[in-house]
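Geometric and topological summary
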Amino acid sequence: MKLIVDDNKLDNIKRKAIENYVPILQDDSLKLIEVILHMIKPKKILEIGTAVGYSAAIFAKYLEIDENNKEGSYIKTIERNEKRFKEATENIFTLNLTEYIIPVFADATEYLTNLKEDDTYDVIFIDAAKGQYMVFLNEAKRLIKSGGVIIADNVLFKGRVLGGYNEHRHRTAVTRLREYIDNINDDKTLDSILLNVGDGVAISIVNK
Ligand code: SAH
Ligand code: MG
């Protein structure tokens, strides 16, 4: 069974997010991820960076739900900004997705360390502070199912990551994103591709 999510309500959430400069997934990156989710048919998705719940609500359309075990399918999504977390919680309620999307109010760098290896995910989506991508990647490697997929948004950071950017302002973020790309390319347990879609999307298939 698949969920039906109200497209008009989604459009409203999207419009409001854009008006308020909330950095939701760009249309082309979102489409790419939708295609991947359509093929994977995930039961459990972990999202790092909820914002107002827009991407999580769209991912919910692609959850594979077993009629006899509905509790086995869900999206857990983490947000550290209280205002956004509250808005996400409201949006999830408005969309009737409270059974399938679990918003967590926490800093993901702390929260993830408390998740145990028996709580693994089919898909982990990283879309939060760029300076923490290596922390997220290491936790994602631990929490992904074998055969699962780790997806990261904004890995090219407006062209800064592959260009010669070395200014003080974004140096940590750019350095961490370069490390992220090197790591997913070097790690023998990952099959990765980096796509110049939206702000840069990295996809890694994990073979544990
Ligand atoms: N995935 C969302 C957009 C997320 S924007 C969508 O496409 O709809 C990134 C969000 O990550 C921001 O709201 C920011 O507050 C949150 N964030 C950044 N670092 C975080 C961290 N360490 N833990 C939890 N949330 C974080
Ligand atoms: Mg993003």
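Here we summarise the structure given alongside this text.

The rules behind the values
- Residues numbered from 1 in each chain as written.
- Chains lettered and ligands numbered in written order.
- Predicted model: local features only at pLDDT ≥ 70, side-chain atom pairs only at ≥ 80, totals over all residues.
- Heavy atoms only, no water.
- Donors = N, O, S within 2.8 Å, 3.2 Å for Na, K, Ca; no water.
- Buried < 20%, exposed > 50% of the residue type's maximum accessible area, 1.4 Å probe, protein only.
- Phe/Tyr/Trp six-rings, centres within 6.5 Å; stacked < 30°, edge-to-face > 60°.
- Lys NZ or Arg CZ within 6 Å of the ring centre and 35° of its normal.
- Axes fitted to C-alpha atoms, helices over the stretch in contact; angles between N-to-C directions.
- Helix = DSSP H or I, 4+ residues; strand = E, 2+ residues; numbered from the N terminus.
- Parallel < 35°, antiparallel > 145°, perpendicular 65-115°, else oblique.
- Contact = heavy atoms within 4.5 Å.
- Nonpolar A, V, L, I, M, F, W, Y, C, P; charged D, E, K, R; others polar.
- Expected span 1.5 Å × (residues − 1).
- Arc of directions from axis to C-beta.
- Salt bridge = Lys/Arg side-chain N within 4 Å of Asp/Glu carboxyl O.
- Pairing = 2+ DSSP bridges.

1. Focus: the coordination of the magnesium ion (ligand 2)
Surrounding the magnesium ion (ligand 2) are the protein donor atoms Asp127 (OD), Asp153 (OD) and Asn154 (OD1), which sit 2.0 to 2.2 Å from the metal. Donor residues for the magnesium ion (ligand 2), ordered by position in the chain, follow D-x25-D-N. Each of the two residues, aspartate 153 as well as asparagine 154, counts as buried.

2. Focus on the packing of aromatic side chains
Per the counting criterion, the structure on display carries 4 aromatic pairs. The structure contains a cluster of three or more aromatic residues connected by ring pairs, namely Tyr133, Phe136 and Tyr180. The ring of phenylalanine 157 carries arginine 160 above its face, with NZ or CZ at 4.4 Å from the centroid.

3. Thoughts on the packing of helix H6 (residues 133-143) against helix H7 (residues 171-186)
A packed helix pair is summarised by two numbers, namely the angle formed by the two axes and the spacing between the axes. Between H6 and H7, whose axes approach to 8 Å, the crossing angle comes to 30°. Between H6 and H7, the angle falls in the class roughly parallel. Between H6, through Tyr133, Met134, Leu137 and Lys141, and H7, the contact on the second element is made entirely by Arg176, Leu177, Glu179, Tyr180, Asn183 and Ile184. Partitioning the contact of H6 with H7 into residue classes produces 6 nonpolar, 1 polar and 3 charged.

4. Looking at the environment of alanine 88
Among the structural elements, alanine 88 can be located in helix H4 (residues 82-94). Put simply, alanine 88 and isoleucine 33 are 55 residues apart on the chain and 20 Å apart in space, counted from C-alpha to C-alpha. When sequence neighbours within four positions are dropped, the list of residues in contact with alanine 88 reads Thr50, Ala51, Val52 and Gly53.

5. Some words on H4
With 13 residues, H4 should cover 18 Å at 1.5 Å per step; its first-to-last C-alpha distance of 18 Å lies within 8% of that length. Along H4, the residues that are buried comprise Phe85, Glu87, Ala88, Asn91 and Ile92. Projected down its long axis, H4 shows its buried positions confined to an angular sector of 165°, all on one face. Turned more than 90 degrees away from the buried face of H4, the exposed residues are Lys83, Glu90 and Phe93. Tucked into the core, H4 has its buried residues touching helix H1 (7-19), strand E2 (74-79) and strand E3 (101-105).

6. Comments concerning the environment of tyrosine 54
Within the element layout of this structure, tyrosine 54 appears in helix H3 (residues 54-60). Separated by 34 residues in sequence, tyrosine 54 and alanine 88 have C-alpha atoms that sit 7.8 Å apart.

7. Some words on the pattern of salt bridges
Counted according to the given criterion, the structure contains 12 salt bridges. A salt bridge links lysine 61 to aspartate 7; the shortest N-O distance between them is 3.2 Å. Taken together, the residues lysine 61 in the loop between H3 and E2 and aspartate 7 in helix H1 connect sequence positions 54 residues apart. Given the relative accessible area of 46%, aspartate 7 is considered partly exposed.

8. Digging into the sheet that holds E2
Strands belonging to one sheet form pairs held by backbone hydrogen bonds; the direction of such a pair is parallel or antiparallel. Spatially, 7 strands are ordered E3-E2-E1-E4-E5-E7-E6 in an open sheet, and the strand pairing comes out mixed. With partners counted over all chains shown, the strands left at the sheet margins are E3 and strand E6 (190-195), one partner each. Across the sheet, the mean angle separating the axes of adjacent strands is 15° when strand polarity is ignored. One ladder, built from 5 bridges, connects strand E4 (residues 121-126) with strand E5 (residues 144-153); its direction is parallel. Bridge pairing links isoleucine 126 to alanine 152 in E5.

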